[in-house]
Structure formats: structure tokens, C-alpha cells
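Structure assessment
So the chains spell out like this:
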Amino acid sequence: MSQVKFYSGENIPLELHKVRVVQKLHLVPIERRLEALYEGGFNTFRLNTTDVFLDMLTDSGTNAMSDQQTGAMQVADDAYAGSQSFFRLQKAVEEVLGKKYLLPAHQGRAAENILSKAFVKQGSLVPMNYHFTTAMAHITQYGGKIVELLYDEAYKIKSSHPFKGNMNIEKLDEVIKQHGAKNVPYIRMEASTNLIGGQPFSVQNLRDVRAIADKYGIKLVLDASLLGENVYLVKQREEEFKDKSMAEILLTMTDLADIVYFSARKLSSSRGGGICTNNHEIYRELEPLIPLFEGFLTYGGISVREIEAMAVGLRETLDETMICQSPRFIEYLANSLDAKGVPVVLPAGVLGCHVDAMQVCAHIPQSQYPAGALAAAFYLVSGVRGMERGSVSNQRDEYGNETYSDMELLRLAVPRRVFTLSQIKYVEDRMAWLYENRELIGGLKFVYEPPVLRFFMGGLEPLGDWPQKLMAKFRKDFGDSL
Ligand SMILES: *Cc1c(COP(=O)(O)O)cnc(C)c1O
């Protein structure tokens with residue numbers, strides 16, 4: 001269904017939607033892009049979109065909306081309390097995620113704040129397959145610690161393992177035994193594990209985690225922000241589920257968790273977030289925190305129009321022809337780059353194509369932020385804005401020491417149904433050029449470093465004049481091309 005065969009034997013992803021509303025893009029000359037880098041502290045978060053051609057920073061809130069979603073936004077019920085829009089969302093959550101109690105939150109990290117506030121205290125340890133920046137920041141904010149329990153295979157850039165997001169079950173058991181179950185408030189499983197390249201876990205792995213949770217009487221929390229794509233990859237890669245529907249697989253997964261939380265900015269392509277459960281006691285425990293931090297229980301800091309879009313978007317995540325688009329474009333880009341020798345995370349995951357800066361910038365030590373440097377260099381030569389997912393995105397330890405990331409990745413996000421295949425080919429072309437000229441890329445240093453989530457607003461500076469040299473080489477090879 002998601003795979004249309006071509007007579008020529010070419011294997012290119014075919015769009016199963018058409019474009020009806022468009023937005024003009026700006027491809028500014030490289031000289032302006034160099035200025036923009038200095039103005040934005042060599043941090044792609046701080047670029048202005050008038051200087052950005054393809055915005056591959058994130059999939060958060062940037063997926064294309066469907067006609068059904070924008071249509072639904074017109075019939076929203078504006079009310080502080082008791083809005084029908086909320087009840088429509090609740091119904092969609094019950095149908096799609098299989099949970100009857102829903103607590104709305106303004107986005108994913110707000111849900112993380114509520115969960116950490118309720119369950120994490122000094123001395124708590126939260127085992128997880130891998131951390132996500134905001135999930136970790138909230139847990140540590142409340143005095144807890146995290147422990148990441150992936151299998152070694154997950155750290156291999158080029159692998160053929162279908163489920164690099166799997167939790168290491170033996171280690172999970174060991175960690176809980178050592179630390180004491182009473183100090184483990186919950187186990188966190190993140191669908192399509194974001195920071196290791198959007199890598200899924202299998203349903204079988206989730207069942208095994210559930211068994212450990214039951215053994216010790218610990219809650220299992222599922223971060224479902226990227227669950228739709230994880231479900232799609234289970235259907236593609238896990239034998240038991242190849243003939244099951246997206247809806248069946250999704251419910252099989254959410255059934256295994258006590259609490260499911262999500263960023264609707266990703267899961268259902270709009271704004272918002274939420275926490276849901278079938279456990280009334282858990283619901284009661286979290287309920288008072290929503291009006292305190294988010295807003296009343298029937299809007300949670302989200303506009304009612306967005307709530308309507310969330311409800312429709314949730315149901316659309318069960319549509320394989322919709323969900324497959326982004327993973328197939330990513331697979332196409334990753335495989336094309338791999339064929340050109342550019343090191344990328346394989347197998348291709350979801351969310352984006354991840355380029356391995358540790359290899360591309362092997363000459364730049366981690367203390368000079370190779371992934372940040374690659375993100376800046378790639379923007380310079382293409383106008384494409386990616387995101388650093390390496391040591392800049394890490395936080396310092398409790399003593400203020402730098403902690404180096406396991407992986408140094410440049411993530412080129414491919415939000416759902418936003419880009420065309422010719423744009424993907426442009427990315428491939430410029431990345432291949434940059435790879436050939438990789439020796440020209442140099443390191444970065446912090447000149448402004450915020451204490452939490454420094455990657456968002458931090459300011460950096462290049463070490464030396466490598467950006468100017470890279471620009472000169474670009475002009476030599478591309479003439480006056482944009
Ligand atoms: C984005 C994301 C979050 C945080 O969601 P926001 O809506 O950006 O606050 C949490 N978990 C995962 C896996 C994410 O990808």
C-alpha cells in the first residue's frame with residue numbers, strides 16, 4: 001500500500017497527497033548566509049527563517065496540516081470549561097491510544113514537567129532506552145537521575161538492526177535490583193528514539209520491559225511523541241505484525257504502558273500535548289497539576305482550534321499512506337548519501353536523516369563540537385537548516401563538567417509531507433559536496449552558554465576563519481550560483 005512499484009525498477013518514494021497551499025521560500029546568497037551565521041551565534045536555532053531555504057531543524061509543529069485538520073479548526077468550541085472540542089479529542093485519544101483519561105498539556109515537555117513533578121524526587125532513578133533533552137532536563141530539575149539502557153548495537157552508526165531503540169532487558173533488571181525498586185518511580189520508553197537517529201523499538205521488546213515492570217511493581221511510561229512512525233516500522237520490520245493494521249499495532253503498544261504521554265506537535269501535526277492513562281488513581285494524582293501549570297482541564301494551555309486539529313491528526317496517524325511519507329523520504333535520502341560515501345545513521349529511522357559528524361569531522365575534537373560545526377557548515381553551503389544533536393545538545397554534569405555525547409549527529413529533519421523530492425535531491429547534492437570538502441570545516445567554541453538546555457539559545461564562534469575559506473571554495477566550484 002505504501003510502496004508503489006515503478007516499471008523502470010527505480011525505487012523512489014511517491015507522494016500520495018497534493019499541494020494546495022504553498023509558502024514561498026528564501027534561498028539567499030552564501031555571503032548573506034555567512035552573515036546570518038555570525039548574527040545567530042553559529043547556532044541554527046537562532047537563524048531567522050528569511051535566511052533559511054529548507055527548514056530541516058525539526059519536525060516539531062512543522063508537519064503539513066491536512067485539509068481535514070484545518071477544516072475541523074473552524075468548528076472549535078471556545079469555552080474555558082467543558083468545551084466540546086476537548087471531548088472530541090478525548091474520544092480520539094480513547095479510540096486511537098486506548099486510554100480513557102486524558103490530561104491536556106501545552107506541549108510534550110509540559111507533560112514531562114507534570115510527570116516529573118508528580119513522581120520524581122531526590123534520589124530517584126528513571127531507567128530509559130535513551131534520554132530526550134527535555135525529558136532529562138525535567139527529571140534532573142526535580143533531583144532525579146536517568147540511566148540509559150540501549151544495546152551496544154544502537155551506538156553503531158551503520159547497522160542492519162531493525163530495532164536499535166530496544167531497551168537492554170538484562171541491564172534493566174540489574175539496574176532496578178541494584179538501585180532498589182522503590183527508588184525507581186517509572187521506566188520510560190521512548191518510541192522512535194529521537195537522539196540516536198529516530199530508531200524504533202519492537203513490540204516484543206516493549207512486552208519484555210512490561211514483564212520487568214510487573215516483576216518489580218514499577219510503572220511503565222511511554223513517550224509516544226513519535227509513536228506513529230514507530231508503529232509503521234514495526235509493521236515493516238517485525239514479522240508478527242506484518243499483516244496487522246496500524247491501529248491494532250498502536251493499541252498493542254499503548255496497552256502495555258500505564259501512562260502514555262506525547263507531544264502533539266509531532267504525533268498529530270499541530271500544537272499541544274497530553275498525558276493519558278486508564279488508571280484512575282494515576283489520573284487523580286496528576287489532575288491538580290494541570291490547572292496549576294497548564295490551564296483548565298478541558299484546554300490545558302492549548303487553543304480549542306488546535307485541540308480540534310489534534311483530534312483529527314491523531315486519527316490520521318493510523319493512515320499508513322500518510323505516516324509512510326516521511327520515513328520513505330528519509331530512507332531515500334539516507335541511502336543516497338550512503339551510496340555517495342557520506343556516513344549516515346542506518347538503517348534509516350524516522351524524523352530525519354542523521355549525518356555522522358564524528359566521521360565527517362573526524363579532525364575536530366568533541367571539545368570543539370563537530371556536530372555543531374557541521375550544522376553551521378551545511379547551512380552555509382546550502383541554506384538548509386539542520387539541528388545539532390551532539391555535545392552542544394548535552395548538559396553539563398552536576399559539577400559543571402562538559403559531558404560528551406555518545407554520538408555527534410547533524411539531524412536533517414524531514415517533517416511529514418512538507419518537502420518535495422527535488423528538494424531532497426538538492427540536500428543530497430550539497431551534502432555530497434560538503435563531504436568532499438570536509439577538511440575545510442573547523443571547530444566552534446561557546447561564547448554564551450545558558451545553564452539549562454544550552455543548545456536552544458547558546459552562542460558560539462568559529463575557531464579561526466574556516467567559514468570564509470569554505471565560502472571561497474563554494475564560490476570557486478559553484479560560480480555565482482545561490
Ligand atoms: C519533541 C519531543 C518531546 C518534547 O515535546 P515538545 O512538544 O517539543 O515539548 C518529548 N519527547 C520526544 C521523543 C520528542 O521528540
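Residues numbered from 1 in each chain as written. Predicted model: local features only at pLDDT ≥ 70, side-chain atom pairs only at ≥ 80, totals over all residues. Heavy atoms only, no water.

Details of the site of the ligand
- Inspection of the region around the ligand gives 14 residues, with G108, R109, D223, S263 and K266 positioned closest.
- Take G108: an N or O atom from its main chain is 2.9 Å from an oxygen atom of the ligand.
- Within the side chain of D223, a nitrogen or oxygen atom sits 2.6 Å from a nitrogen atom of the ligand.
- Starting from 380 Å² of accessible surface for the ligand in isolation, the protein chains cover 99%.
- Elements that contribute at least two residues to the shell around the ligand include exactly α4 (108-119) and α10 (264-267).
- Among the elements that line the shell around the ligand, the one with the most residues is α4, at 3 residues. (Near = heavy atom within 4 Å. Polar contact = N/O pair within 3.5 Å; in protein donor to acceptor, adjacent residues only side chain to side chain. Areas by Shrake-Rupley, 256 points an atom, 1.4 Å probe, with all protein chains shown as cover. Helix = DSSP H or I, 4+ residues; strand = E, 2+ residues; numbered from the N terminus.)

With respect to the packing of helix α15 (residues 325-339) against helix α18 (residues 421-436)
- Close contact between α15 and α18 brings their axes to 10 Å; oriented N to C, the two are set at 25 degrees. Here α15 is positioned roughly parallel relative to α18, judged by the angle of their axes. For the crossing formed where α15 meets α18, the hand is right-handed. Where α15 approaches α18, its residues F329, Y332, L333, S336 and L337 are matched on the opposing element by L421, I424, K425, V427, E428 and M431.
- Looking at the contact of α15 with α18 residue by residue, the class counts come to 8 nonpolar, 1 polar and 2 charged. (Axes fitted to C-alpha atoms, helices over the stretch in contact; angles between N-to-C directions. Parallel < 35°, antiparallel > 145°, perpendicular 65-115°, else oblique. Left-handed = near helix turned anticlockwise from the far one by under 90°. Contact = heavy atoms within 4.5 Å. Nonpolar A, V, L, I, M, F, W, Y, C, P; charged D, E, K, R; others polar.)

Re the state of the cysteines
- Considering all chains together, one arrives at 0 disulfides under this definition.
- Here C324 stays free of any disulfide, with the sulfur of C353 as its closest cysteine sulfur at 17 Å. (Disulfide = S-S within 2.5 Å.)

So, the sheet that holds strand β10 (residues 409-413)
- A sheet is described by the order of its strands in space; here 3 strands give the open sequence β8-β10-β9, paired in antiparallel fashion. Each having just a single partner strand, β8 (352-356) and β9 (387-389) make up the two edges of the open sheet. Direction aside, the axes of adjacent strands within the sheet are offset by 30 degrees on average.
- Summarising the sheet, β9 and β10 pair through 3 bridges and their orientation is antiparallel. What sits directly across from M387, in β10, is R411. (Pairing = 2+ DSSP bridges.)

Section: the packing of helix α1 (residues 30-39) against helix α17 (residues 370-382)
- One way to put it is that α1 packs onto α17 with a least axis distance of 8 Å and a crossing angle of 150 degrees. As summarised for this structure, α1 and α17 are arranged roughly antiparallel, according to the angle between their axes. Residues I30, R33, L34, A36 and L37 of α1 form the contact with α17, whose participating residues are A376, Y379, L380, V381 and S382.

Describing a nonpolar patch on the surface
- There is a patch of nonpolar side chains on the surface, built from V4, L14 and L16 and spanning about 220 Å² of accessible area.
- Position of V4 among the secondary structure elements: in the segment before α1. (Patch = residues over 30% accessible without salt bridge, like charges linked within 9 Å, V, L, I, M, F, W, Y side chains within 5 Å. Salt bridge = Lys/Arg side-chain N within 4 Å of Asp/Glu carboxyl O.)

Some words on the domain arrangement of the protein
- Its domain assignment divides the protein into domain 1 (30-59 + 322-478) and domain 2 (67-317).
- Across the contact, 32 residues belong to domain 1 and 40 residues belong to domain 2.
- Both faces considered, domain 1 and domain 2 share a buried interface measuring about 2800 Å² in area, 59% of it formed by carbon and sulfur atoms.
- Considering only the surface of domain 1 that becomes buried against domain 2, I323, V350 and M407 emerge as the three largest contributors, covering 21% of it.
- The tally of links from domain 1 across to domain 2 stands at 2 salt bridges. (Domains from an automatic or database assignment. Buried area = accessible area lost by both parts, 1.4 Å probe.)

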